[in-house]
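Observations on the three-dimensional arrangement
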Amino acid sequence: KGPTTGSNANTITIPSGQTLLSGIIQSAYAELNTKQSIGTNGVWTDVLTVSITPKSTNSKFILCPSINVGVGYFTMGIRLLRDGTAFAIGDSTNASSRTQSTMTWNGHFAGSSTGTNVHQQVSLAGSFESLASASDTTTAIVFKAQAWAYASGVINASQNDSDSSSRHRTVSSMVVYEVMK
């Protein structure tokens, strides 16, 4: 809060070299409320896409994906992309066969010799920042969440999507916030 009297009344002065996060400029949202099957081993599938045209070249973007996955065997990963380039992903540690993801779920548990019939359904959620600023305020930035399954997987349902009260259908979403620096 700034002073209420004097030459700087009702102003907030930011010291030289300091910055102030001034808040959310705008947001964009995508939602998927149907079941989506995910391809197998090595195929990234688009799940959610959000397009946002920046209002400032000095802003940053915060992504908040919440994606519900069903895995029947081994793993499913989610990765984030900005204009087709993955970011906020793990490294491959010099092993070309490792899959680089933002979030992952492993449905293969100890005690299950094959990992089949596990049929886990979980929600993967997080907040990630795209630190790159916008290059202009006329070109939309396209953010995507993609999914990859080792053997099989689905979005918004359990892998064994039988007609039973023990099986749930869910919704996945992603919000992108443009934040002024």
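Placed above this text is the structure.
The notes below deal with the structure included here. (Residues numbered from 1 in each chain as written. Predicted model: local features only at pLDDT ≥ 70, side-chain atom pairs only at ≥ 80, totals over all residues. Heavy atoms only, no water.)

1. Here we look at the overall build of the protein chain
Tallying secondary structure elements over the protein chain gives zero helices and 12 strands in all. When the helices and strands of the protein chain are listed from N to C terminus, the series reads β-β-β-β-β-β-β-β-β-β-β-β. Across the 181 residues that make up the protein chain, the buried fraction comes to 36%. Once local pairs closer than 6 in sequence are excluded, the contacts in the protein chain between residues at least 24 apart make up 79%. (Helix = DSSP H or I, 4+ residues; strand = E, 2+ residues; numbered from the N terminus. Buried < 20%, exposed > 50% of the residue type's maximum accessible area, 1.4 Å probe, protein only. Contact = heavy atoms within 4.5 Å.)

2. What to know about the nonpolar core
Core analysis: the largest hydrophobic core is formed by 27 residues, its most contacted members being Leu-48, Phe-61, Leu-63, Met-76, Phe-143, Ile-155 and Met-174. Looking at this core, the elements with two or more residues in it are strand S1 (23-32), strand S3 (45-52), strand S4 (59-73), strand S5 (75-82), strand S10 (141-149) and strand S12 (172-180). (Core = buried A, V, L, I, M, F, W, Y, C linked by side-chain atoms within 4.5 Å.)

3. A word on the pairing of S12
Judged by how many residues are buried, S12 sits mostly within the fold: seven of nine residues are covered. By the bridge criterion, nine bridges tie S1 to S12 in an arrangement that is antiparallel. Each bridged residue has a counterpart across the sheet, and for Gln-26 the counterpart in S12 is Glu-178. (Pairing = 2+ DSSP bridges.)

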